Amino acid sequence: VLWQMPHFYALAWIHRADYLRGGYKMFPLTDTTGLATAAMSKPYLVALCAMPVAASAAGLASWMLPVGAAVPSYLWWRALRRFEENPNIATCRRFFLGSLSYLLATLALFTGYARVDREQEEDSASGKQIVPVEPAWRVSLGARLSELCPHEKMRWDLFGLMRDGCPFDSGKGGAAA
C-alpha cells in the first residue's frame, strides 16, 4: 500500500490533463508546479526506506535486507529529489519509473533474505525447537556459497556476533564455524 501512493501520484501528475478529461479527482491534478506531489510522496518514501530495517528487526528477514535495499531506496529517493528540485514531466517520469524499479528490487531482495520460522518437535522429550523454513533453492545455494561469504567469516573471526547476519548461513553458526 505504501508503494502505490507515490507511484500513482506521479502517474496522475504526468497525465493530469487526461485524468481531468476523464473526470478523475486526485490531488495531483490541481498541482500545477509538481511541488505538492513531491511533498505528498516524501512521507511514503521515508516509511518505505525504513521497512527493510523494521523487517530485519522483527526477525522476518536477514540483516542483509536493509543493506541490499539501500541501493534501490537511494535511487528512488534521488529521483524524488530531482523531481522536487526541477518539477517537469521528465523528472516526474523518472520518479514514476523509480517506483517500479524499487518494487521489483525490494521484492527480489525480500525473497532472497526472508526468514520464516516454525516450531518442530525434537526427537527427544526435551520440547520444541525453532527451525528456519527456507525454500530448497536457497538452502542449496547457501550450502554452496557459505564458505565464500567474506562478511560472515569476518563477523565470526572478529566478533562472534549476529548469528543470522548472512543470508546464505546454513544455520550452523556461520561460514567460519
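See the structure printed just above.
Notes on the structure in this doc start here. (Residues numbered from 1 in each chain as written. Predicted model: local features only at pLDDT ≥ 70, side-chain atom pairs only at ≥ 80, totals over all residues. Heavy atoms only, no water.)

### A look at the overall build of the protein
Here is step 1 of the chain: Each helix and strand counted, the protein has seven helices and two strands in total.
Here is step 2 of the chain: Order of helices (α) and strands (β) in the protein, N terminus to C terminus: α-α-α-α-α-β-β-α-α.
Here is step 3 of the chain: Each of the 177 residues in the protein was classed as buried or not, and the buried ones make up 36%.
Here is step 4 of the chain: The contacts in the protein between residues at least 6 apart in sequence include a share of 54% that link residues at least 24 apart. (Helix = DSSP H or I, 4+ residues; strand = E, 2+ residues; numbered from the N terminus. Buried < 20%, exposed > 50% of the residue type's maximum accessible area, 1.4 Å probe, protein only. Contact = heavy atoms within 4.5 Å.)

### Focus on the packing of aromatic side chains
Here is step 1 of the chain: Throughout the structure, instances matching the rule amount to seven aromatic pairs.
Here is step 2 of the chain: Pairing Tyr19 with Tyr24 gives two aromatic rings, centres 5.5 Å apart and planes at 55°, and the pair type is tilted.
Here is step 3 of the chain: Note on Tyr19: relative accessible area 18%, which makes it buried.
Here is step 4 of the chain: Note on Phe83 and Phe95: the rings are 6.2 Å apart at their centroids and 10° apart in plane angle, and the pair reads as stacked. With a gap of twelve residues between them, Phe83 in helix H4 (residues 64-85) and Phe95 in helix H5 (residues 89-113) connect regions that are remote in the sequence.
Here is step 5 of the chain: One aromatic cluster in this structure is built from Trp13, Trp76, Phe83, Phe95 and Tyr102.
Here is step 6 of the chain: Seen from the ring of Trp13, Arg16 lies directly overhead, with NZ or CZ sitting 4.2 Å from the centre. (Phe/Tyr/Trp six-rings, centres within 6.5 Å; stacked < 30°, edge-to-face > 60°. Lys NZ or Arg CZ within 6 Å of the ring centre and 35° of its normal.)

### Here's the deal with the pattern of salt bridges
Here is step 1 of the chain: Applying the stated rule across the entire model yields four salt bridges.
Here is step 2 of the chain: One salt bridge in this structure joins Arg21 and Asp18, with 2.2 Å as the shortest N-O distance. Taken together, the positions of Arg21 and Asp18, both in helix H2 (residues 16-22) and three residues apart, correspond to about one turn of that helix.
Here is step 3 of the chain: For Arg21, a relative accessible area of 65% puts it in the exposed group. (Salt bridge = Lys/Arg side-chain N within 4 Å of Asp/Glu carboxyl O.)

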